[in-house]
Amino acid sequence: MKEQLENIYKNATEDLEKSSSISDIDEIRAKYLSRKGEFNEIKKNLKNLSDEDKRVIGSLANEITQKLEDALKEKHAEFYRKELNAKLLTERIDITLPGKYTPMGKVHPLTSTTNEIVAIFQSLGFSVVPEEKSPEVETEYYNFDALNVPKDHPARDVQDTFYTEIAKNVVLRSQTSGAQIHAMEGKNPPIRVISPGRVYRNENINARKNNLFHQIEGLYVDKDITFGDLKGVLNEFIRIYFGSSRPTRFRSSFFPFTEPSAEVDVQCIMCEGKGCRTCSGTGWLEVLGCGMVDPNVLEVVGIDPDVYTGFAFGMGVERLAMLKYAIDDIRLFFNNDERFLKQF
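All of these numbers come straight from a predicted model, not from anything done at the bench.

Reading guide: rules and limits
Residues numbered from 1 in each chain as written. Predicted model: local features only at pLDDT ≥ 70, side-chain atom pairs only at ≥ 80, totals over all residues. Heavy atoms only, no water. Core = buried A, V, L, I, M, F, W, Y, C linked by side-chain atoms within 4.5 Å. Buried < 20%, exposed > 50% of the residue type's maximum accessible area, 1.4 Å probe, protein only. Helix = DSSP H or I, 4+ residues; strand = E, 2+ residues; numbered from the N terminus. Contact = heavy atoms within 4.5 Å. Salt bridge = Lys/Arg side-chain N within 4 Å of Asp/Glu carboxyl O. Pairing = 2+ DSSP bridges. Axes fitted to C-alpha atoms, helices over the stretch in contact; angles between N-to-C directions. Patch = residues over 30% accessible without salt bridge, like charges linked within 9 Å, V, L, I, M, F, W, Y side chains within 5 Å. Areas by Shrake-Rupley, 256 points an atom, 1.4 Å probe, with all protein chains shown as cover. Polar contact = N/O pair within 3.5 Å; in protein donor to acceptor, adjacent residues only side chain to side chain.

## Re the nonpolar core
Part 1 of the argument: In this structure, Phe121, Phe237, Phe311, Phe313 and Met315 are the most contacted members of the largest nonpolar core, which totals 40 residues.
Part 2 of the argument: Listed by contribution, the elements that provide at least two residues to this core are helix H5 (109-123), strand S5 (212-222), helix H8 (227-242), strand S7 (258-267), strand S8 (284-293), strand S9 (309-316) and helix H10 (317-325).
Part 3 of the argument: The leading source of residues in this core is H8, at seven residues.
Part 4 of the argument: Dropping the residues within four chain positions of it, Phe311 is found in contact with Phe126, Gly218, Leu219, Tyr220, Ile225, Thr226, Asp229, Leu230, Val233, Gly291, Met292 and Val293.

Here it is in C-alpha cells:
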C-alpha cells in the first residue's frame with residue numbers, strides 16, 4: 001500500500017507538470033483529492049490494516065496529501081496570475097478617456113403638474129377615485145344623461161364629441177365629470193373625491209386648445225355644503241399652487257350639472273393682464289369651472305337633495321401648467337420636443 005501511495009503521488013506530480021490552466025488544476029484535484037479520488041480510496045482501506053500499519057500508512061497518506069495540496073495551490077496561483085494578466089491586457093480601459101453620457105428620462109411636466117394638484121387636494125381631505133370608476137371610454141348616460149345634459153345640448157353633437165364604433169351610445173369622455181356619478185352610485189355622503197384623467201373633444205387645435213387634454217374633477221357632497229365652502233376650497237388650492245400673489249377672479253357661468261355655476265380665471269402670466277395671443281387679449285385665462293351640484297344629479301344617484309348638498313369642479317391640467325411655467329402654447333406638451341421637455 002506504501003508503494004501504491006507513492007505511485008499515485010508520482011502520477012499526480014506528472015499530471016501537475018503537464019497542466020497549463022486552472023481548469024487542469026481542478027481536474028487533477030478532483031482525480032486525486034476528491035471524495036472519490038484515489039487517495040481517499042486508499043484511506044478507506046486503512047481499517048483492514050494492523051494498528052502499526054495504520055499508523056505508518058495513515059501518516060504517509062496525510063503527508064502526501066498535504067504535499068499535493070500545496071503543489072496544487074501553488075500552481076493554481078501561478079495560472080491565476082497569468083490568466084488575469086492576459087485578461088487585463090486584452091480588456092484594459094484607458095481611464096483618461098471621457099465617459100459616455102447616458103441621458104436620463106424625467107417626469108413629463110403634465111404628470112408632475114397632475115401629481116402636484118392631486119397632492120394638494122389630498123392634503124385638503126380629498127381621495128382619488130379608482131381608475132375603474134373613471135373610464136376614458138364612457139356611455140352617454142355617464143358622460144351626459146346622468147349629468148343633467150339634455151339630449152339636444154350642442155356638446156352632444158358629433159362636432160364636439162368623439163363617438164366610437166363600439167356601440168351607438170359609447171363615446172370618448174369629453175369631461176371627467178362622469179367620475180362623480182360613478183363615485184356617488186351606491187354610496188352615502190359624505191363623499192369627497194377627485195378624479196384626474198384624459199378627456200377628448202372634437203375641437204380645432206390652437207395655442208389654447210387641443211383635442212386631447214387632461215382634467216381633474218372634484219366633488220364634495222355632505223350636509224350643509226354651501227357655495228362659500230366651494231370658494232374656500234378653490235381659493236386655498238390656488239393659493240398653494242400659484243402663491244398668494246397671483247390675481248384670480250370668480251365669474252358666473254352655466255353648466256348643466258351645477259346650479260349656480262362659476263368659472264375661475266387666473267391672470268395671464270405671459271402678459272401680466274395686458275393681453276396677448278395666449279389669453280386672446282383678455283389678460284385672463286380660465287382654469288376651471290365649478291358650481292353647486294344640481295339637485296337632479298343627486299336624485300339620479302339616489303341621494304336626497306333635500307338633505308344633502310354638494311359642489312363640483314373641473315380644472316384643466318395643461319392650462320394650470322401653462323400659467324405656472326409661462327408656457328404660451330398648449331401644443332408644446334404633446335410635440336415631444338426634447339428642447340422643451342429638458343427644461344423640466
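Anyway, onward from the coordinates.
## As for the pattern of salt bridges
Part 1 of the argument: Per the counting criterion, the structure on display carries 14 salt bridges.
Part 2 of the argument: Here Lys31 and Asp15 are joined by a salt bridge, their closest N and O atoms 3.5 Å apart. Pair noted here: Lys31 is in helix H2 (residues 22-33) and Asp15 is in helix H1 (residues 2-18), with a separation of 16 residues, a long-range link.
Part 3 of the argument: Overall, the relative accessible area of 42% leaves Lys31 in the partly exposed class.
Part 4 of the argument: Of the charged contacts in the structure, one is a salt bridge between Arg331 and Asp329, with a shortest N-O distance of 2.7 Å.
Part 5 of the argument: Residue classification places Asp329 among the buried positions, given a relative accessible area of 10%.
Part 6 of the argument: Among the charged side chains, a network of salt bridges with common partners joins Arg249, Arg251, Glu263 and Asp265.

## Let's talk about the sheet that holds strand S1 (residues 127-128)
Part 1 of the argument: Strands sit in the order S1-S4-S5-S9-S8-S7-S6 across an open sheet of seven strands; the sheet is mixed. One side of each edge strand has no neighbouring strand; the edge strands of this open sheet are S1 and strand S6 (248-255).
Part 2 of the argument: When S5 meets S9, the two strands line up antiparallel, connected through eight bridges. Paired with Ile216 across the two strands is Met315, which belongs to S9.
Part 3 of the argument: In the packing of H8 onto the sheet, the strands contacted are S6, S7, S8 and S9, and the crossing angle to S9 comes to about 30°.

## Some details on a nonpolar patch on the surface
Part 1 of the argument: Nonpolar side chains collect at one region of the surface, where Tyr80, Leu84 and Leu88 lie side by side and expose about 290 Å² of accessible area between them.
Part 2 of the argument: Tracing the sequence through the fold places Leu84 in helix H4 (residues 51-91).

## Section: the pairing of S9
Part 1 of the argument: Counting buried residues along S9, seven of its eight residues qualify, which places the element largely inside the surrounding structure.
Part 2 of the argument: Of the strand pairs in this sheet, S8 and S9 are connected by five bridges, and their pairing is antiparallel. Bridge pairing in S9 links Gly291 to Ala312.

## Brief notes about the environment of Tyr142
Part 1 of the argument: Structurally, the position occupied by Tyr142 is in helix H6 (residues 140-143).
Part 2 of the argument: For the pair Tyr142 and Val128, spaced 14 residues apart in sequence, the C-alpha separation works out to 18 Å.
Part 3 of the argument: Those residues within four positions of Tyr142 in sequence are excluded, and the remaining contacts are Leu147, Gly178, Ile181, His182 and Glu185.
Part 4 of the argument: Within the structure, Tyr142 has its side chain in polar contact with the side chain of Glu185 (distance 3.0 Å).

## So, the environment of Ile330
Part 1 of the argument: Counting through the fold element by element, Ile330 comes out in the loop between H10 and helix H11 (338-341).
Part 2 of the argument: By relative accessible area, which is 4% here, Ile330 ends up buried.
Part 3 of the argument: Along the backbone, Ile330 and Phe213 are 117 residues apart, and their C-alpha atoms lie at a distance of 9.2 Å.
Part 4 of the argument: Excluding its chain neighbours within four sequence positions, the residues that come into contact with Ile330 are Asn206, Ala207, Arg208, Lys209, Asn210, Glu318 and Met322.

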